[in-house]
Amino acid sequence: MEGFEKYYQKDHQTRLDILKQKKYLDQTQLDKLQASASEVKISDAMIENFITEYHLPEGLALNYVVDGQEYLIPFVTEEPSVVAAASHGAALVKRAGGFKTTVTERLMIGQIILENVAHPEQVASFLESQAEKLLALANAAHPSIVKRGGGAQALKVRVLAPDLISLDLIVDVKEAMGANMLNTMLEACATYLQTKLGLDVLISILSNYATRCLAKATCALPVELLTRNGLSGAKIAQKIATASRVAQLDPYRATTHNKGIMNGIDAVVLASGNDWRAIEAGAHAYAARDGQYRGLSTWIVKDDILYGELELPLPLGTVGGSIGIVPLVKINQQLLRLKDARQLEAIVAAVGLGQNLAALYALVTDGIQKGHMRLQLKSLALSVGATKAELEPVVSRLEALQARDQATAKKVLEELRNKQSERSRT
Ligand code: NDP
């Protein structure tokens, strides 16, 4: 586009000036894009064509007791009621002793896809015979991870089609998520396969389907803890279990069920500086692992106890990527009193289950809107320009009108302001 040639080579101020010269933004709007010198220094190095910081709210989810330890959990999210719901779900579980978690191995899988394979079975067994050599090549490409006690551990060969093979490299990534580490190792192996063995490499990259990096959270709630507004705890627990069954049976419901789980998970993943797209992709693939997309969590009632369980791939890091770069991430690690990546996995799995419990509990009792509506109306009022002082009267008026749209919110705000200016005149 004219004026934007080599935009990435321009400095920050010049990029902003171009937006003004080309009449995309005026000076008042440009002023909103100003970032501090330290922000520019960090972010300009992180992404391309950087123009400004885009801030999201951060709040703390409370009441999370995970494996006997209580946590303050930083959530970064733009959605009202996520933090409140997560804290509510956790409060219920806290009364029953908290969440228990299991985090087993932390292995990442990378793939080298071979194409134009003529005799797949023959090539597969040849590749298996090369395992030692390939593992050594992978480790030589990233020796520091071996010094840390990790590194490439195993190879697996899968024939995908008569002409396609996936050579899977399984790597212990220690405290990192490991994408770049794996990609370096894979490319070293791919070069060998191509140049020395004459194989045709199509792609070499990490897989986000991290089935060797699973985390599980469970909880067990005596049903009487769920009693609410005249509805017995046993009845509510049964309804939660049925809602969970529906999410196992029906992909339409399962998708929303899982979206609710990811509301909390993404918020913590973002706050911890991890790649939330990677976690999202892996979670949804895992939800469809038996061929049908299902709810990631399950809830059952047995002997007056509601048992919840959530398992998903959580390849999270405490180092690497933006973690060491974004100052807030270090602060969030401090808030979490984070020791290592396993602990982060455990916390995130518990958050997913707590968030899910709160959503199901609200859905089967009052419905999701009742508890959320005030927060939604607050967002609506803010979106039409209400100030902090105007929020309360605008939200109350919208509640009374049972209106949920911007036009009404604007009208209510105008009426309030007109009334106030009339009052100040009299
Ligand atoms: P980095 O490339 O930043 O690698 C992490 C580095 O941390 C290691 O190479 C290691 O460097 C250092 N390190 C320090 N202490 C430890 C420790 N105890 N354990 C392990 N490593 C340690 O990040 P990742 O390889 O983790 O990759 C994550 C990034 O890759 C994310 O930003 C993600 O968005 C991005 N990405 C994701 C893809 C995907 O998901 N498909 C694809 C491509 C990129 P050293 O050993 O040299 O000290």
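Structure: above.
The rules behind the values
Residues numbered from 1 in each chain as written. Predicted model: local features only at pLDDT ≥ 70, side-chain atom pairs only at ≥ 80, totals over all residues. Heavy atoms only, no water. Salt bridge = Lys/Arg side-chain N within 4 Å of Asp/Glu carboxyl O. Helix = DSSP H or I, 4+ residues; strand = E, 2+ residues; numbered from the N terminus. Buried < 20%, exposed > 50% of the residue type's maximum accessible area, 1.4 Å probe, protein only. Axes fitted to C-alpha atoms, helices over the stretch in contact; angles between N-to-C directions. Parallel < 35°, antiparallel > 145°, perpendicular 65-115°, else oblique. Left-handed = near helix turned anticlockwise from the far one by under 90°. Contact = heavy atoms within 4.5 Å. Nonpolar A, V, L, I, M, F, W, Y, C, P; charged D, E, K, R; others polar. Pairing = 2+ DSSP bridges. Near = heavy atom within 4 Å. Polar contact = N/O pair within 3.5 Å; in protein donor to acceptor, adjacent residues only side chain to side chain. Areas by Shrake-Rupley, 256 points an atom, 1.4 Å probe, with all protein chains shown as cover. Phe/Tyr/Trp six-rings, centres within 6.5 Å; stacked < 30°, edge-to-face > 60°. Lys NZ or Arg CZ within 6 Å of the ring centre and 35° of its normal.

Student: Quick one: what's the story with the pattern of salt bridges, residue by residue and with numbers?
Tutor: Evaluated as defined, the whole model comprises 13 salt bridges. As a salt-bridge pair, Arg-212 and Glu-105 come within 2.6 Å of each other at their nearest N and O atoms. Residue Arg-212 is located in the loop between β7 (201–206) and β8 (214–222), and its partner Glu-105 is located in the loop between β3 (100–103) and β4 (107–114); the two are separated by 107 residues in the primary sequence. Taking relative accessible area as the criterion, Arg-212 reaches 30% and is therefore assigned partly exposed.

Student: Lay out the packing of helix α9 (residues 233–249) against helix α13 (residues 341–364) with the relevant residues and their values.
Tutor: The contact between α9 and α13 brings their axes to 9 Å, and the two run at 110°. One element, α9, and the other, α13, form an angle in the roughly perpendicular class. As for how α9 packs across α13, the hand of that crossing is right-handed. Touching Ile-236, Lys-239, Ile-240 and Ala-243 of α9 are Leu-357, Leu-360, Tyr-361 and Val-364, all from α13. Looking at side-chain class alone, the contact of α9 with α13 contains 7 nonpolar, no polar and 1 charged residues.

Student: Describe the sheet that holds β8, naming the residues involved and giving the relevant values.
Tutor: The sheet built from 4 strands is open, its strands ordered β3-β8-β10-β9 with antiparallel pairing. Single-partner strands in this sheet number two, and they are β3 and β9 (297–302). Direction aside, the axes of adjacent strands within the sheet are offset by 15° on average. Relative to strand β10 (residues 305–313), β9 is paired through 6 bridges, and the arrangement is antiparallel. Paired with Trp-299 across the two strands is Gly-308, which belongs to β10. Helix-sheet contacts for α9 involve β9 and β10, and the interaxial angle to β9 is about 140°. Sheet strands touched by helix α10 (residues 251–271): β9 and β10. Its angle to β10, the strand with the most contacts, is close to 75°.

Student: Could you give an account of the environment of Ala-138, naming the residues involved and the relevant values?
Tutor: When you line up the elements, Ala-138 lands in helix α6 (residues 131–141). Given the relative accessible area of 0%, Ala-138 is considered buried. On a C-alpha basis, the gap between Ala-138 and Leu-186 in space is 6.7 Å, while along the polypeptide they are 48 residues apart. Setting aside chain neighbours within four positions, we find Ala-138 in contact with Ala-152, Leu-169, Met-185 and Cys-189.

Student: So what about the sheet that holds strand β6 (residues 164–172)? Which residues, and what values?
Tutor: Taking strand neighbours across the sheet as the criterion, the 4 strands line up as β5-β6-β4-β7 in an open arrangement whose pairing is antiparallel. Strand pairing shows two members of the sheet lacking a second neighbour, β5 (151–161) and β7, which therefore form its edges. Neighbouring strand axes in the sheet, compared pairwise and without regard to direction, differ in orientation by 20° on average. Alignment of β4 against β7, held across 5 bridges, turns out to be antiparallel. The residue bridging Ile-113 from the neighbouring strand is Ile-203, located in β7. Sheet strands in contact with helix α5 (residues 120–129) are β4, β5 and β6, and its direction is about 175° off that of β5. Sheet contacts for α6: β5 and β6; angle to β5, the most-contacted strand, approximately 125°.

Student: Give a description of the site of the ligand that names residues and reports values.
Tutor: Residues in close proximity to the ligand total 21 residues, the closest being Ser-144, Arg-148, Gly-178, Asn-208 and Asp-275. Interatomic distance of 2.4 Å between a side-chain N/O atom of Ser-144 and an oxygen atom of the ligand. At a separation of 3.0 Å, a nitrogen atom of the ligand approaches a polar backbone atom of Glu-175. Protein contact buries 68% of the 930 Å² of open area that the ligand shows by itself.

Student: Can you tell me about the pairing of β10, naming the residues and giving the values?
Tutor: Relative to β10, β8 is paired through 9 bridges, and the arrangement is antiparallel. Bridge pairing in β10 places Cys-219 opposite Gly-308.

Student: Quick one: what's the story with the side chain of Thr-101, residue by residue and with numbers?
Tutor: Its location among the elements puts Thr-101 in strand β3. Among the polar contacts listed, one links the side chain of Thr-101 to the side chain of Asp-67, at a separation of 2.5 Å. In this structure Thr-101 touches Val-66, Asp-67, Lys-216, Ala-217 and Ala-346, once residues within four positions along its chain are discounted.

Student: I'd like to hear about the packing of aromatic side chains, residue by residue, with values.
Tutor: This model, assessed by the stated rule, comprises 3 aromatic pairs. Taking 5.6 Å as the distance between ring centres and 10° as the angle between the ring planes, the aromatic pair formed by Tyr-64 and Phe-99 counts as stacked. Residue Tyr-64 is located in strand β1 (residues 58–66), and its partner Phe-99 is located in the loop between α4 (82–94) and β3; the two are separated by 35 residues in the primary sequence. Phe-99 matches Tyr-64 in its accessibility class, with the two residues each being buried. An aromatic cluster of three or more residues is present, and its members are Phe-4, Tyr-7 and Tyr-24. Above the ring of Tyr-286, the side-chain terminus of Arg-289 is found at 3.9 Å from the ring centroid.

Student: Let's hear about the packing of α6 against helix α8 (residues 179–195): which residues, and what values?
Tutor: As a packed pair, α6 and α8 sit with axes 8 Å apart at the nearest point and diverge in direction by 130°. One way to sum up the angle between α6 and α8 is to call them oblique. Crossing of α6 against α8: the hand is right-handed. On α8, the residues touching Lys-133, Leu-134, Leu-137, Ala-138, Asn-139 and Ala-141 of α6 are Thr-184, Met-185, Ala-188, Cys-189, Tyr-192 and Leu-193. Taken together, the residues that form the contact of α6 with α8 break down as 9 nonpolar, 2 polar and 1 charged.

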